[in-house]
Every structure is written in C-alpha cells, then in structure tokens.
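# Observations on chain architecture
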Amino acid sequence: MLIRRAPEIKSSGITDHRVYLSRRAFMAGAAALALAPVRRAVAAPASQVPAGQPLKATRNEAFAVEDPPTALESVTTYNNFYEFGVNKGDPARLAHTLRPRPWTVEVDGHVARPRRYDVDELMRLAPLEERVYRLRCVEGWSMVIPWIGYPLAELLKRVQPTGQARFVEFTTLLDPEQFPAQRPSFFGFSSLEWPYAEGLRLDEALHPLTLLTFGLYGQVLPNQNGAPVRVVVPWKYGFKSPKSIVRIRLVSEEPRTAWVKAAPNEYGFYSNVNPAVDHPRWSQATERRIGEFRRRKTLMFNGYADQVAPLYAGMDLRKHF
Ligand SMILES: Nc1nc2c(c(=O)[nH]1)N[C@H]1C(S)=C(S)[C@@H](COP(=O)(O)O)O[C@H]1N2
Ligand SMILES: [Mo]
C-alpha cells in the first residue's frame, strides 16, 4: 500500500515555527545544517506507526464537527513535537523512545486536594468521549481529529482549586533520554526552553471544550501525538495543546509558556485562533487543511466562537493575542 508522504505536503503558504529564531540561533542552526548529512523529513513507514491499542469511548455528537476527519496517516506522520526535532516527520520516526508507561501526572499548586495520579487511574476518572475537533496550527495548516478524552474540568473539580487559583500550568516530561532534542548535544535547531510549558486561564481550562486527551481514532494516543496524556484546546493555535504532560499546576500568576519565552512578540499567552490578527510574519486569514488543495478561510476561534467568545468579552484581542 502506498502511504501518503505527509511531511511533504508543506506548501509555500505554510510557514514554520522555527523561522522565528533569532539571527544568532538561526546562523548556528544553518551552520549545523550545512555540516549535517541531509536529513530529509520522510514519513515513517506504516509499520513504525504504533498500531495503538483500541480505546473505547462514546462519541459525543454535541462536540463533533462535520468536516471530514484528516487521514490517520497524516495525523500520525505530520506532527509538531519539538522534543523530537523540528521536522514534521521527526516525531513519527523517533517517538519510539518515549515510554508512556509507567507514567504519573502531578496535580498541585492552589488546590485543596493535590494528588499524583497514575495515568491509568487518570484515564478512568471520567467516561471517555470521542470528540471530533478542528486543530489549527499557528503555521497555517489544519486538521480534523477524532480525539478521545474527557473534559479537563472533571479532573480539576476533583482536586478543588482554591480562591488563589487563576491559571493552570501544564508541563511536558523533561527527559533527554526519551526526548532527543532535549539533549544539550542535540544536533540541530534547539528552539525552546525545556520542559515545554503551556498554560490557560482557569476559566479556559474549565471550559467544556478543553479536553484531557488519551487517544485518537479509537486507539490510545500514538507517542508522536503526545502519549500517554495531553491537553487539547481546539479554539487556540495548536501549540496551546501540550503533549506528554507530567504536571498540572494551579497558579495565581499567568504562567510563562515555552513559546511566550521564545518569542513573546510572535506568540501570545492567549493565542486564540483569529483570522483578523496576523502573525507578525504571515497572514492568519486562511489555512491549508491537510489533505485538501484549496486554502480555507480560517474561522474566528477556529469555529468555536459560539462556545468561547464570552470568555473574552470586553477584551482587546489584538492586545491580548
Ligand atoms: N510538548 C509539546 N507539545 C506540543 C508541541 C511540542 O513541540 N511539544 N507542539 C505543539 C504544536 S505547534 C502543535 S500544532 C500540536 C500538534 O499536535 P499533533 O502532532 O498531535 O497534531 O502539538 C502541540 N503540542
Ligand atoms: Mo503548531
């Protein structure tokens, strides 16, 4: 069977996170690339895409967009997961080094009942639902993915946030043995400060669309998609959906996130999908849906405005981009 070579879908209109790099970092990266053997991003052969154990879930029609889902091959071979490198094919090729079991998630900070959960216990905390969401990357491409999980609010209400909790910080695993790009010796672009950190305002984290995610397409999350557990926030650019998380901390101050630290003028804390607010270096008005040829118009809040616009009532979305 011929597999689609998803990493080569990249079209001229699709930009790339890494190009934000400072000139110095860019030159270092360019020099490294010049010396490096040509590392082309090639889709992993189908046999390397973890088959994935089946994961049962009840489809929640209230949260299923009608757009046809993106091919599983593309979802699992065209990825951003910088812990494995910055090329779209790196995660599928390298993510076998990630060990999703045993795994624990610490839930702490301003909560009455801090707890460390084993991921298998976490997965059984609430009924698993299948939700078909749009995913819009800040780079200008998008997918439609049937995720499996439950609302993050289910977990948060169990740990009981206190009055001081105003934001939620998510932290990805820090382990250079499992994530090659976290090694100081990693040969190539090293663009982010590790561990990858993301964050939401508490009301965003409690919103019913915010999904604590354990699977996709009826199976447990493939490593390259953030096994064993990630967060999916469908109305924000994809980088606000952190993978392979080990800590969820309730805090009182806006967390310093990986992308805000890297380029605060380009990636804001909110990063709501917004066709009217361009990235400093490219338009966000349209997007390339992976698997389609013509560009689509990007929708306000990625098409979830009815549900989430009230969260931002009275806010200047150009200022709080
Ligand atoms: N830990 C971590 N989480 C991450 C990233 C990353 O590099 N590291 N990339 C983000 C970006 S830019 C996108 S678009 C989505 C991609 O998710 P997918 O590969 O499952 O489609 O993951 C996000 N979560
Ligand atoms: Mo992204």
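This structure is a prediction, so every number in the text was calculated from the model and none was measured.

### Some remarks on the sheet that holds strand S3 (residues 115-118)
Pairing is mixed across the open sheet formed by five strands, whose spatial order is S3-S2-S11-S6-S7. At either margin of the open sheet sits one strand with a lone partner, and together these are S3 and strand S7 (197-201). Shown here is a sheet whose adjacent strand axes are inclined to one another by a mean of 15°, direction ignored. Taken together, the four bridges between strand S2 (residues 104-109) and strand S11 (residues 245-251) define a ladder with parallel strand orientation. In the strand pairing of S11, Asp 108 is matched with Arg 249. Each of S2, S3, strand S6 (167-172) and S11 touches helix H5 (residues 152-159); the most contacted strand, S11, lies at about 60° to it.

### As for H5
Among the residues making up H5, those that are buried are Leu 152, Ala 153, Leu 155, Leu 156 and Val 159. The buried residues of H5 all sit within an arc of 160° when viewed along its axis, so they share a single face. A positive phi of about 60° marks Gln 160, the residue just after H5.

### Digging into the side chain of Asn 274
With respect to the element layout, Asn 274 can be found in the loop between helix H7 (258-262) and strand S12 (286-289). Classification of Asn 274 by relative accessible area gives buried; the value is 8%. Those residues in contact with Asn 274 that lie beyond four places of it in its chain are Tyr 237, Gln 284, Met 300 and Leu 317.

### A word on the pattern of salt bridges
For the structure on display, the rule yields 23 salt bridges. Notably, a salt bridge pairs Arg 116 with Glu 106, separated by 2.8 Å at the nearest N-O pair. Here Arg 116, found in strand S3, pairs with Glu 106, found in strand S2; they are 10 residues apart in sequence, far enough to count as distant. Residue classification places Arg 116 among the exposed positions, given a relative accessible area of 53%. Judged by relative accessible area, Glu 106 falls into the partly exposed class, the value being 23%. Through salt bridges with shared partners, a single ionic network connects Asp 67, Arg 134, Arg 136, Glu 287, Arg 289, Glu 292 and Arg 296.

### Brief notes about the site of ligand 1
Near ligand 1 there are 18 residues, and of these Asn 79, Tyr 82, Glu 83, Arg 230 and Lys 243 occur at the shortest range. Taking Asn 79, its side chain carries an N or O atom lying 2.8 Å from an oxygen atom of ligand 1. Between Tyr 82 and ligand 1, the recorded distance is 2.7 Å, taken from a backbone N or O atom to an oxygen atom. About the coverage of ligand 1: the protein hides 100% of its 540 Å² of free accessible area. Per-class residue counts for the shell around ligand 1 are eight nonpolar, seven polar and three charged.

### Describing the nonpolar core
In this structure, Leu 122, Leu 155, Leu 212, Phe 214, Trp 235 and Ile 248 are the most contacted members of the largest nonpolar core, which totals 86 residues. No other element matches the seven residues that strand S5 (residues 141-151) contributes to this core. In this view, Ile 248 contacts Val 105, Glu 106, Val 107, Asp 108, Leu 152, Leu 155, Leu 156, Val 168, Glu 169, Phe 170 and Leu 212; residues no more than four positions away in its chain are not counted.

### Examining the packing of aromatic side chains
By the definition in use, this model includes 14 aromatic pairs. Here the aromatic rings of Tyr 82 and Trp 259 are separated by 5.7 Å at their centres, their planes lie at 70°, and the arrangement is edge-to-face. Placement of the pair is Tyr 82 in the loop between helix H2 (72-77) and helix H3 (90-94) and Trp 259 in helix H7, with a sequence separation of 177 residues. For the pair Tyr 82 and Trp 259, one class covers both residues: buried.

### A word on the environment of Met 315
Relative to the helices and strands, Met 315 resides in the segment after helix H8 (305-308). Of the residues examined, Met 315 reaches a relative accessible area of 22% and is grouped as partly exposed. Contact partners of Met 315, with chain neighbours within four places excluded, come to Arg 201, Tyr 270 and His 320.

### Details of the side chain of Arg 289
With respect to the element layout, Arg 289 can be found in strand S12. Residue classification places Arg 289 among the buried residues on the basis of a relative accessible area of 4%. Polar contacts involving the side chain of Arg 289 include one to the side chain of Asp 67, which spans 3.1 Å. Engagement of the side chain of Arg 289 in a polar contact is seen with the side chain of Ser 142, the distance being 2.9 Å. If near-sequence neighbours (up to four positions away) are discounted, Arg 289 is found in contact with Asp 67, Arg 134, Ser 142, Met 143, Val 144 and Arg 296.

### Notes on the pairing of S12
Pairing of S5 with S12, which is carried by two bridges, proceeds in the parallel orientation. Across the sheet, residue Ser 142 finds its bridge partner in S12, namely Arg 289. Of the strand pairs in this sheet, S12 and strand S13 (residues 296-297) are connected by two bridges, and their pairing is antiparallel. Counted as the bridge partner of Glu 287 is Arg 296 from S13. Counted along the chain from S12 to the antiparallel partner S13, the turn is six residues long, and its residue Gly 291 has a positive phi close to 100°.

The rules we used
- Residues numbered from 1 in each chain as written.
- Chains lettered and ligands numbered in written order.
- Predicted model: local features only at pLDDT ≥ 70, side-chain atom pairs only at ≥ 80, totals over all residues.
- Heavy atoms only, no water.
- Pairing = 2+ DSSP bridges.
- Helix = DSSP H or I, 4+ residues; strand = E, 2+ residues; numbered from the N terminus.
- Axes fitted to C-alpha atoms, helices over the stretch in contact; angles between N-to-C directions.
- Contact = heavy atoms within 4.5 Å.
- Buried < 20%, exposed > 50% of the residue type's maximum accessible area, 1.4 Å probe, protein only.
- Arc of directions from axis to C-beta.
- Salt bridge = Lys/Arg side-chain N within 4 Å of Asp/Glu carboxyl O.
- Near = heavy atom within 4 Å.
- Polar contact = N/O pair within 3.5 Å; in protein donor to acceptor, adjacent residues only side chain to side chain.
- Areas by Shrake-Rupley, 256 points an atom, 1.4 Å probe, with all protein chains shown as cover.
- Nonpolar A, V, L, I, M, F, W, Y, C, P; charged D, E, K, R; others polar.
- Core = buried A, V, L, I, M, F, W, Y, C linked by side-chain atoms within 4.5 Å.
- Phe/Tyr/Trp six-rings, centres within 6.5 Å; stacked < 30°, edge-to-face > 60°.

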